[in-house]
Amino acid sequence: MIVDLPGTTTAAVNKYLVKLRHDIGAMTLGRVLTLVIVVDESRAESAIEAANDASRQHPCRIIAVISGKKTGANRLDAQIRVGGDAGAGEVVVLRLHGPLAGHGDSVLVPLLLPDSPVVAWWPREAPLNVSESAIGQMAQRRITDAAEAPSPRVELKRRADNYQPGDTDLAWTRITLWRGLLAAALEQPPYEPVLNADVAGASDSPSADLMAAWLAQALQCPVTRTRTPPGSGVTSVRLTRPSGNTDLLRPDGAVATLSPPGQPARRISLARRALAECLADELHRLDPDEIYEETLTKGLAMIEAPTRKLSGAREAVAPGARQEESPS
Amino acid sequence: MTPTPVTPGQNPLRDPQDKRLPRIAGPCSLVLFGVTGDLARNKVMPAIYDLANRGLLPPSFSLVGFARRDWTHKDFTNIVRESVRAHARTPFHNEVWRNLAEGFRFVSGTFDDPKAFDVLRETLQTLDEERGTSGNHVFYLSIPPAFFATVTQQLDRSGLSNSDESAWRRVVIEKPFGHDLASARELNSIVGSVFRSDSIFRIDHYLGKETVQNLLALRFANQMFEPIWNANYVDHVQITMAEDIGIGSRAGYYDGIGAARDVIQNHLLQLLALTAMEEPVSFQAPALRAEKEKVLSAVRLPMDLAASTVRGQYAQGWQGGERVSGYLDEDGIQKTSTTETYAALKVEIDTRRWAGVPFYLRTGKRLGKRVTEIAVVFKRAPHLPFDRTATEELGQNAIVIRVQPDEGVTMRFGSKVPGSAMEVRDVTMDFGYGSSFTESSPEAYERLILDVMLGDPPLFPRHEEVELAWQILDPVEAFWATQGQPPPYPAGGWGPECADDMMARDGRSWRMP
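None of these values were measured; they are calculated from a predicted model. (Residues numbered from 1 in each chain as written. Chains lettered and ligands numbered in written order. Predicted model: local features only at pLDDT ≥ 70, side-chain atom pairs only at ≥ 80, totals over all residues.)

Caption draft 1: View of the overall build of chain A. The number of helices and strands found in chain A is eleven helices and 14 strands. Since a compact globule built from 328 residues should have a radius of gyration of about 20 Å, the 22 Å found for chain A is in line with a globular shape. With the C-alpha coordinates aligned to their principal axes, the bounding extent of chain A is approximately 70 × 40 × 30 Å. (Helix = DSSP H or I, 4+ residues; strand = E, 2+ residues; numbered from the N terminus. Rg over C-alpha atoms; globule rule 2.2 N^0.38 Å.)

Put into structure tokens, the structure is as follows:
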């Protein structure tokens, strides 16, 4: 069910939400958090859809704040979606026009669920300093996505400079399964320290940067970051230990091969994770992620600068065919 | 810079602070005995695929089927594919399936054939070499308990039950764990003579880990419930597990076992233990087990079993718009069968916390709907400062823990009916956390299988708990054995009339779940 409330106020929206609850039943009860999506018109629908999917795991009130043109008269257009049009949550879409477009926080305050956590998500562009932004200040958790930024590398640097507990980035969420596999690989013999590591991934992949940073920070060893053509995501991780290399390769973005030293190579499905899945993962824990903090603020600086660009992903991931990169 | 050391106990990539890092099982294989059984095909195989789909299985994971059928690896793969297609909860992806199916093997043979077990040993050795399962193997006995002795002895003889220090062997057995105290002990000594007690995992597929953890969280993470969780405030507790289905094709298993052995002995007494136990000093396995064992050892049956136990057999009737036949008319059931399909039982717990608070347990097949719940019913307020007419409709407050199908918590309390007259009536307030009942929530079986592979035993019952539960139930079974055929109850209702009479004698009534 979708209800449009053009040219309205937040008081009217609130009143309508209560009315819906009385008319239709308990659908606005039992929410565990408020998810605020700060997005522009072009990406609004896909973001709301992902949030709806995630709400099946974490029932929440979703408020999408869409800023329109800053010129012209102040106007607030609202749309309420409940039932089949809103996953397991309820969605309030707020379109802000005129000078109001710069004050999204003011329309949010009355609509936040009482006494429950607020999560803010910027699916595309995020403020320079998210925790200092007006909406960021309301939220316990602030989700950004460095992969959507014009320059992911610069974006990560910015996030690192302004990090506050509660910040997190979907580029980090995307490598959780990779990290799990690598951690599990170290739990098997031989129990030897990792002497150095190499992470190959697209030149525009902040996930690959974070992976390298995480390894550098946790393993305290030299880590190189090999760059493959844009768009290929993370393609391989190599951990070098005295008795040989452990390689985790994903040349095609779906199936990976894990080759521990002295053991047969094993194939495993390691598909790129969908947006909704990553978002649901982020909503799972709302406390600060200390490991992300260390990775971002300490690990990134430890990565060795790449020496040369490789022409194709195939070359970067085929063990043996790859030219060993010497740390600069 | 000096690289961080890596040792068996220290993994620099697994920081306890890193709460989002998934635990992926180490290299291992699972040997499934009883490939053609219902549980294997409806639950175990789909759960394995779902785990693979979620990326939680080790890359080397291999599944070995063992059965009498004259199958090839390919036949076995097809059987698994069918069951995955029909029952997996996550979508079917060809790539995931292809990678998983590469590790499928099948060994044909009977349970008493030494040659077949030698072939099994060779198969596992080959898997260690080809796929790197590193000598870690789970033996999943999805077979009738009568075969446990034969299979475990064969595993012992062929050297499969033992491994060197760097690898592990584990065995999974499913309920029922025996049919009385003596048989449970015998079963335990058979399996225990071959496997160490911390390598034996008893799976009770009714009791998912999620449920147990939810209950522990509700009781011990909150301040508002524990102060009233005792005989000062609680009037009585009702634990219900109702099924709407009949026995289906399980006549061979069910007849002679009955509802009490099938459900009360394991499931309901486990729920009772979790509801009634004191706070464990930690959530480590031994601490949790200690509390459960303590409370189970304090459970006492009333003196008069005739007045405090009830059984019944479903008769034909209408259920959910369908005419269903009675228990005695089911295929494979003798007309003279005395097996009960409904069992209810009152017990007390001799502790300071629960003195005088009866716990009513009931379970049955072909009841009104499928539901499992724990209802903690409170005493009435000692004094009601209203007119008598204002509170006529007010019942007792209750906290209901809904276990399935709609997992969550319901609270029942009095509220004023809107209007000018003062009138208080019962209302309910519900909470259901999304992930516990949506598609994306992990099913109990997946958690169980993953825990076995990770070697994580806390919530699996140990044989001490199993034996304590039998001690409670054995006198009831002995009493029932002298009582002839159980009274019939119409299918689709809430059990025999004498069950209502049992409650009425105590001045109480069953809750409608």
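Next comes the rest of the description.
Caption draft 2: Local environment of the interface of chain B and chain A. Across the boundary between the two partners, chain B contributes 44 residues, which contact 42 residues of chain A. Looking at the side of chain B that touches chain A, the elements that each hand over two or more residues are α3 (94-101), α4 (114-131) and β17 (424-431) of chain B. The leading source of residues in the side of chain B that touches chain A is α3(B), at three residues. Grouping the amino acids of the side of chain B that touches chain A by side-chain chemistry returns 17 nonpolar, 17 polar and ten charged. (Contact = placed C-beta atoms within 7 Å. Nonpolar A, V, L, I, M, F, W, Y, C, P; charged D, E, K, R; others polar.)

Caption draft 3: Expanded view of the sheet that holds strand β11 (residues 234-241) of chain A. Taken in spatial order, the six strands line up as β10-β9-β11-β12-β13-β14 (chain A) in an open sheet, and their pairing is mixed. The outermost strands of the open sheet, each flanked by one partner alone, are β10 (223-228) and β14 (266-269) of chain A. Within this sheet the neighbouring strands show an average axis-to-axis angle of 15°, counted without direction. The sheet contact formed by strand β9 (residues 196-202) of chain A and β10(A) spans six bridges and is parallel. Bridging across to β10(A), V199(A) finds its partner in R225(A). Sheet strands in contact with α3(B) are β13 (255-259) and β14 of chain A, and its direction is about 150° off that of β14(A). (Pairing = 2+ DSSP bridges. Axes fitted to C-alpha atoms, helices over the stretch in contact; angles between N-to-C directions.)

Caption draft 4: The arrangement of the confidence of the model for chain A in detail. Averaged over all residues, the pLDDT of chain A equals 85, while 91% of them reach at least 70. Low pLDDT (under 50) marks residues 308-328 of chain A, which in the prediction has 39 contacts with non-local residues, meaning those over four places away or in another chain. (pLDDT = per-residue confidence, 0-100.)

Caption draft 5: Inspection of the nonpolar core at higher detail. Ranked by size, the top nonpolar core spans 213 residues in total, and within it V36(A), I37(A), A64(A), M211(A) and L32(B) carry the most contacts. Broken down by element, the residue count for this core peaks at eleven residues, all from helix α9 (residues 258-276) of chain B. (Core = buried A, V, L, I, M, F, W, Y, C linked by C-beta atoms within 7 Å. Buried ≥ 20, exposed ≤ 12 C-beta atoms within 10 Å, placed from the backbone.)

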